[in-house]
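Notes for the structure review
What follows is the residue order along each chain.
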Amino acid sequence: MYAIEVRNLWRTFKTRDGVVEALRDVNLKIKKGELFGLLGPNGAGKTTLIRILTTLLLPTKGEAYVWGYSTATEERKIRPIINMVSGGEYSGYGLLTVKENLWMFSQFYGIPGKVAKRRIEYLARRLKFEDILNKKVRNLSTGQRQKMNVARAFLTDPKVIFLDEPTLGLDVEVARVIRDFVKEWLLENDERTVLLTTHYMHEAEELCDRIAIINEGRIIALDTSDNLKKLVSREFSLVLRIHPKINISWINKIEGVQKYLTREEENGLRVRIIMSREESIADVVDGIIKHGAKISYLKKEEPTLEDVFLKLTGRGLE
Amino acid sequence: MIEFLRAVKGRAYPRVIGALREPSWMLWDTFLPLLSLSAYVFVYRSLHAPREFEGFVILGGIMTAYWLNVLWGMASQFYWEKETGNLQYYIMAPASLESILAGMALGGMFGTTTRAIGILLLGTWLFKVDMSVTNPYLLLLIFVICLAAMYAMGMMFSSLFLLWGREAWVTSSLFEEPIYFLSGQNFPVKALGPYLSMAASIIPLTLGLDAMRQLIFPSSIKFALMDPYLELIFLSILTIVYLFLAKVFLRKMENIGKTKGTILTRWL
């Protein structure tokens, strides 16, 4: 039995502008004990899939199972063994303290008061927020609040936990504490399973045993991080910062340029190019200079998951 | 059952703490309603209305505090919970939504009772209202059953408000003034005539106020709609009906939310 199994899953939404296909024929099998990543840009269908798996949404077509139970018909069996954290969430009540909020949520899972208290103290120690346990939630910073949210979800000792962009908008230190905690939590028990959605490729690379890349509702690749990167193993990435902003669509005509991605920055562009010929770097540099721009940064990099995504979809993750 | 009670306790807690931790709310929620009650009392005095009418106003003010809590703290609550992101966690949790609503109701009753006591004490002291309770046990029973029916109605509305649309505060406002009128908040509801007053009896506040007035101001029996015992029976029936409908609408809300994806989460 898999921790999570999804078969031919479709989900559509009716909007004023027509029908949106949020998930299209998704198939997944996640083993118990696995930390599985779902990597994709905003609007790719990650959150919709999590909502179906957490029994908050019904699929339009297809089936989804958590711990062997159908998310559509056996939600009462699923709910006690799952929990979820979303990035940037504002759950809880501002006038309660962190400790009181966590205790309140524990009561919805029938956890006895003493057990809840012990777990809250343990999680506060592990997530490094002991100093704010008696602080009112409305006075918390974003990072403190997200640590509390993570504790809320792990407090119920779930078998399967869904982390939906859990480090979204957090500073590096808080994100690291959360990531370290998730890794350690998994090691404590062989069967604990995590489904993590993120559009931070380094987070997926660091944490996940396997990664599915999702785009426009479809799983377009699924494997370990290393195997996925083999899809672009013959290529390398060239990262450049140029200024001022110029049109670089001509870059596609250079031999060896496979895909490129630009991101606007102050006074210029950040360009990421997937290339297969080292000899072509000079052509790229020459072209930029001929078009009147200067290069302030240039680096040849090993391929990343973002390059895999770029190669598969022709677009970036963010 | 223990799990149900734990969930009730858990959800009641923020409301109980809210009432105790923010005493400034209590001051305003007691003082401001007293101002509007005073206006009615002075109108009755200037018209030389029977003295018990001033008592009607105080009693109406107390029960209106509960009605406002039902509207803003129960009926609209799921809408606010959706906006803050709590609703999805309530639905995802093993606890039933009924236990969450029961917790909200009990916590709300606690907070409102502190305000109601304030209105009662200040109102009777300021206007020298003379109360002579004839049957305290029946009065207490009617008060409790009336609250149960009102909060059951609030539970029913909590799902409906969410289904009806996004502007919960508009819907709540819509239910404020008409209920003041139909419940006979400040006047004997019998004055509305037999048909309208009977129709208004589906509002628990109407029957509760009418029954309690008879038991607190015996001389007002001539203004009464029906016998307090009969009103107790009707209130009990209303409690059961509204609780049943609350359960039906909760399931309906959850089902529509899961099917359409438009109700349970704020960004869909």
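Throughout what follows, the structure given in this document is the object of discussion. (Residues numbered from 1 in each chain as written. Chains lettered and ligands numbered in written order. Predicted model: local features only at pLDDT ≥ 70, side-chain atom pairs only at ≥ 80, totals over all residues. Heavy atoms only, no water.)

Now for the overall build of chain A. Along its length, chain A carries 10 helices and 14 strands. Seen along its three principal axes, the alpha-carbon backbone of chain A occupies a region of about 70 × 45 × 45 Å. The buried share of chain A, reckoned over its 318 residues, is 56%. Partitioning the intrachain contacts of chain A with sequence separation of at least 6 by distance along the chain shows that 71% fall at a separation of at least 24. With the model as given, the accessible surface of chain A reaches about 14100 Å², and the carbon-plus-sulfur share is 46%. The average position of the 52 basic charges and that of the 44 acidic charges among the side chains of chain A differ by 5 Å. (Helix = DSSP H or I, 4+ residues; strand = E, 2+ residues; numbered from the N terminus. Buried < 20%, exposed > 50% of the residue type's maximum accessible area, 1.4 Å probe, protein only. Contact = heavy atoms within 4.5 Å. Areas by Shrake-Rupley, 256 points an atom, 1.4 Å probe, with all protein chains shown as cover. Lys, Arg positive; Asp, Glu negative; His and termini not counted. Charge placed at Lys NZ, Arg CZ, Asp CG, Glu CD.)

All chains considered together, the criterion is met by 34 salt bridges over all chains. Salt-bridge contacts for E100 of chain A lead to R21 of chain B; the nearest nitrogen and oxygen are separated by 2.7 Å. Of this pair, E100 of chain A sits in helix α3 (residues 98-107) while R21 of chain B is found in helix α1 (residues 2-21), placing the two residues in two different chains. Take R21 of chain B: its relative accessible area is 28%, and that puts it in the partly exposed class. Two residues, R251 of chain B and E254 of chain B, come together in a salt bridge whose shortest N-O distance is 3.8 Å. With a gap of three residues between them, R251 of chain B and E254 of chain B both fall in helix α11 (residues 228-260), about one helical turn apart. (Salt bridge = Lys/Arg side-chain N within 4 Å of Asp/Glu carboxyl O.)

Okay, empty space enclosed by the protein next. Residues and elements named next belong to chain B. Tallied over the full model, the rule gives two cavities of 30 Å³ or more. Empty space within the largest cavity amounts to approximately 50 Å³. When residues in the lining of the largest cavity are grouped by element, the largest group, three residues, is from helix α10 (residues 204-216). Looking at the lining of the largest cavity residue by residue, the class counts come to five nonpolar, two polar and two charged. (1 Å grid on protein atoms, 1.4 Å probe; cavity = no way out; pocket = protein on both sides within 12 Å on 5 of 7 lines; lining within 4 Å. Points joined across faces, edges and corners; volume = space filled by probe spheres on them. Nonpolar A, V, L, I, M, F, W, Y, C, P; charged D, E, K, R; others polar.)

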